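The chain contents come next:
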Amino acid sequence: MKNIALMALLAFLLSACTQQPKETIVEEIEKQIVMDKPATDGVFIHISAGYDDPHRALMPLKMATLMAEDKDVLVYMDIEAVKLLVKDARDLSHANFESAHTYIKALLEKNVGVYVCPTCLEAAGYQPEDLME
């Protein structure tokens, strides 16, 4: 329903700005919209904890890994969590969870974006080239 309303609005706006008939504009818009791929729900995961609180660091990594099965997921790590993503980072574990390295590897294999706050990375004494692949 949102796509139809958006197409109608775009058609109206474009028709006001061009000499093309409305039908042609709508046809052009329809060609550009991918109708055969349904939109998926997305999830934003923010992680600030690191070695100081393994439960708070691993729970969102686990949640991101599970949700990546059927949702678009983006993971953003800042504050203490940036230390988990550097090349020389020791692994982190806690009862009832996989390790941090296991979750991070699984997320990357699922093409989940894992992002690091550049300011927090610098504050922790690291540079972008210090991050793991």
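The notes below deal with the structure included here.

Parameters and conventions
Sequence order as written defines the numbering, with residues in each chain counted from 1. In keeping with the model being predicted, local features are shown solely for residues with a pLDDT of at least 70 and side-chain atom pairs are shown and tallied solely at 80 or more, while totals for entire chains, interfaces and linings include all residues. Computation of side-chain values: all heavy atoms of the structure, hydrogens and water removed. Numbering of helices and strands starts at the N terminus; helices are DSSP runs of H or I of at least 4 residues and strands are runs of E of at least 2. Under the scheme applied here, a residue whose accessible area is under 20% of the maximum for its type counts as buried, over 50% as exposed, and between as partly exposed, the area being computed with a 1.4 Å probe on protein chains only. Any pair of residues with heavy atoms lying within 4.5 Å of one another is described as a contacting pair. Here, Shrake-Rupley sampling with a 1.4 Å probe gives the accessible areas, and only protein chains in the shown set may cover a residue. We define a nonpolar core as any set of buried Ala, Val, Leu, Ile, Met, Phe, Trp, Tyr and Cys residues linked to one another through side-chain atoms lying within 4.5 Å. A pair of strands is treated as paired once DSSP finds two or more bridges between them. To obtain an axis, a line is fitted to C-alpha atoms, over the contacting stretch when the element is a helix, and the angle between two such axes runs from 0 to 180 degrees between their N-to-C directions. How far a helix is expected to stretch is found by multiplying one less than its residue total by 1.5 Å. What the arc describes is the spread of directions from the helix axis to the C-beta atoms. Salt bridges are defined by distance alone: a side-chain nitrogen of Lys or Arg within 4 Å of a carboxyl oxygen of Asp or Glu.

1. Some thoughts on the overall build of the chain
Phase 1: When you go through the chain residue by residue, the secondary structure sums to five helices and three strands.
Phase 2: Scanning the chain from its N terminus toward the C terminus, one meets helices and strands in the order α-α-β-α-β-α-β-α.
Phase 3: Counting across all 133 residues of the chain, residues that qualify as buried make up 31%.
Phase 4: Counted over contacts in the chain with a minimum sequence separation of 6, partners at least 24 positions apart contribute 72%.
Phase 5: Of the accessible surface of the chain, which amounts to about 9100 Å², a share of 56% is contributed by carbon and sulfur atoms.

2. Quick notes on the nonpolar core
It is characteristic of soluble globular proteins that their nonpolar side chains tend to be buried jointly.
Phase 1: In this structure, L61, V73 and V75 are the most contacted members of the largest nonpolar core, which totals 30 residues.
Phase 2: Of all elements in the fold, only strand 1 (42–47), helix 3 (54–67), strand 2 (72–77), helix 4 (100–109) and helix 5 (118–123) reach the threshold of two or more residues within this core.
Phase 3: Excluding anything up to four places from it in sequence, V75 contacts I45, I47, A64, L107, V112, G113, V114 and Y115.

3. A few points about the sheet that holds strand 1
Phase 1: Pairing within the open sheet is parallel, and its three strands lie in the order 1-2-3. In this open sheet, the two edge strands, each paired with only one partner strand, are strand 1 and strand 3 (113–116). Direction aside, neighbouring strands of the sheet carry axes that sit 15° apart on average.
Phase 2: Relative to strand 3, strand 2 runs parallel, the two sharing four bridges. Bridge pairing in strand 3 places V75 opposite V114.

4. Quick word on helix 3
Phase 1: Helix length check: helix 3, at 14 residues, gives a terminal C-alpha distance of 20 Å against a target of 20 Å (1.5 Å per residue), a fit within 8%.
Phase 2: Three or more residues of helix 3 are buried, namely A57, L58, P60, L61, A64 and T65. An end-on view of helix 3 places all buried positions within 165° of arc, on one side of the element. When the buried face of helix 3 is taken as reference, the exposed residues oriented beyond 90 degrees from it are R56 and L66.
Phase 3: For helix 3, the secondary structure elements touched by its buried residues are strand 1, strand 2 and helix 4.

5. Overview of the pattern of salt bridges
Phase 1: According to the stated counting rule, one finds four salt bridges in the structure shown.
Phase 2: Of the charged contacts in the structure, one is a salt bridge between D53 and R56, with a shortest N-O distance of 3.1 Å.
Phase 3: Its relative accessible area of 26% is what places D53 among the partly exposed residues.
Phase 4: With a closest N to O distance of 2.0 Å, K110 and E69 form a salt bridge. With K110 in the loop between helix 4 and strand 3 and E69 in the loop between helix 3 and strand 2, this residue pair connects regions lying 41 residues apart in the sequence.
Phase 5: For K110, a relative accessible area of 31% corresponds to the partly exposed category.

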